[in-house]
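What follows is each chain in one-letter form.
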Amino acid sequence: MQPPSSLQAILSDRSLDAPFVTIAGKVAAGERISDNDCLLLYEKGELGYLGALANHIREKKHGSRTYFNRNFHIEPTNVCIYTCNFCSYSRLIKQREEGWEYSMDDMMDMVKAYDGQPVTEVHIVGGVMPQYNLAFYKEFFGKIRTHRPELHIKGLTPVEYYYIFKKAKVSYEEGFKQLIEAGLDSMPGGGAEIFHPEIREQIASDKCTGEQWLDIHRVWHQLGKRSNATILYGHMETFAHRVHHMSLLRELQDETGGFQTFIPLKFRNQENQMSHLPEVTTVEDLRNYAISRIYLDNFDHLKAYWPMIGRTVAQMSLAFGVDDIDGTIDDTTKIYSMAGSEEQNPALSTQDLVQLIKSVNRTPLERDTLYQVITDYSDHVFADEVVYRGYTALPVVQS
Ligand code: V47
Ligand code: SF4
């Protein structure tokens, strides 16, 4: 693969159509691009051009710094009252014997299995079921907090919160205050899918709406807390739906500043109700990362979630705007392996992650959930270091 050209080369390219020159000029000047610009990039933006713009922004914000963390997931259940058509992971209540429903003790055993290991975050997300209610999660978060006070709890999405707060008859604010008191630290980005009702009604008709998702994040941010945002792309949505989705996120971020990271999630088509839809190509994945980086000027970070996209594309994405590749995971999530990702048992050691990043000439930094740097691995040499070959080293633009 060719590395993207520099923004300077793009700006002096006389053969480029005028609207693309204008957009490149906005990026060079640090100006925001419009929704129409973004749509044009989706419709006609060529990969090398998009990479040059996105890489410029990425390096202006982060240089070659590339983040990862040490985390594990707990998925309390895959039985779910909702029926999202893209979901390969969940089982309906009537098929619950095919799924799992962990008890509090089961899940505390999972937390205790990491005692003495240097993980900094537990990511908790799963299906929606009545027994996993506000009282359950207060007790669970409280037990984690007591057992391991410094472990960051990144837990649940607006899909779960909408359901459990309604059932407990508490406002979003009151529900969150109780969970923060118990130990909840931050909110992951899931459940966003595509906000536009035209698509949401076809792929996720019975869970919280796009507006409710955004309202719940707004309240969370107003309490001084941080969260992530996702988009599920590459199924039946149009480019205009992607722009609409990101425009609502950009607007909320202008208002609250509470989002840390945007995470595009590629639709995987195995074993779900949308298996007839083909998956998009790697080129489309890279274009999508680049366009997100160019459009979402008020998001600090862009993440390629390697269990979903695979480690090779995650590496390539680091030249298309991405600065974060999530964490070690340790084979604790089933969401993507059940949907057909090439990563069937997602687990990477710290050494693996560091080498993936170094081999594309980026600087690996272990971070905590809030992007405080824990260890800079630039000069670290592991005892049995493997040297990857065959990758083109990218020049690092000085900002
Ligand atoms: O909301 C489910 C997606 C999400 C499929 O915040 C699918 O750091 C593709 O949000 N094909 C949950 N995607 C995972 C998630 C997440 C992951 C990693 C990090 C963070 C973070 C958040 O997974 C769901 C849905 O959009 N999903 N099924 C599928 N077949
Ligand atoms: Fe349930 Fe989440 Fe799957 Fe939808 S995506 S069916 S809410 S587990």
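Residues numbered from 1 in each chain as written. Chains lettered and ligands numbered in written order. Predicted model: local features only at pLDDT ≥ 70, side-chain atom pairs only at ≥ 80, totals over all residues. Heavy atoms only, no water.

Trainee: Is there a simple way to think about the sheet that holds strand β8 (residues 324-327) in this case?
Mentor: The pairing of strands in a sheet happens through backbone hydrogen bonds and is either parallel or antiparallel. What the four strands build is an open sheet, ordered β8-β1-β9-β10; its pairing is mixed. Each having just a single partner strand, β8 and β10 (373-376) make up the two edges of the open sheet. Each strand of the sheet is rotated relative to its neighbour by a mean of 30°, with strand direction disregarded. For strand β1 (residues 65-69) and strand β9 (residues 363-367), the ladder comprises four bridges, and the chain directions are parallel. Note on β9: the bridge partner recorded for R65 is T363. Each of β1, β8 and β9 is contacted by helix α15 (residues 350-358), which is oriented at about 160° to β1, the strand it contacts most. (Pairing = 2+ DSSP bridges. Helix = DSSP H or I, 4+ residues; strand = E, 2+ residues; numbered from the N terminus. Axes fitted to C-alpha atoms, helices over the stretch in contact; angles between N-to-C directions. Contact = heavy atoms within 4.5 Å.)

Trainee: Can you help me understand the sheet that holds strand β5 (residues 227-233) in this one?
Mentor: Strand order across the open sheet formed by three strands is β5-β6-β7, with parallel pairing between neighbours. Looking at the sheet topology across the chains shown, the edges are occupied by β5 and β7 (301-302). With six bridges joining them, β5 and strand β6 (residues 259-266) adopt parallel strand pairing. Its bridge partner lying in β6, S227 is registered against F259. Against the sheet, helix α12 (residues 282-295) makes contact with β5, β6 and β7, and its axis sits at roughly 160° relative to β6, the strand it touches most.

Trainee: Is there a simple way to think about the site of ligand 2 in this case?
Mentor: As a matter of local geometry, ligand 2 sits amid C80, Y82, C84, F86, C87, S90, G127, V159 and K207. Among the residues forming the shell around ligand 2, the class breakdown is six nonpolar, two polar and one charged. (Near = heavy atom within 4 Å. Nonpolar A, V, L, I, M, F, W, Y, C, P; charged D, E, K, R; others polar.)

Trainee: Help me understand the environment of G327, please; the structure alone is not making it clear to me.
Mentor: Locating G327 in the fold gives a position in strand β8. Residues within four places of G327 in sequence aside, it is in contact with N69, N71, W306 and L353.

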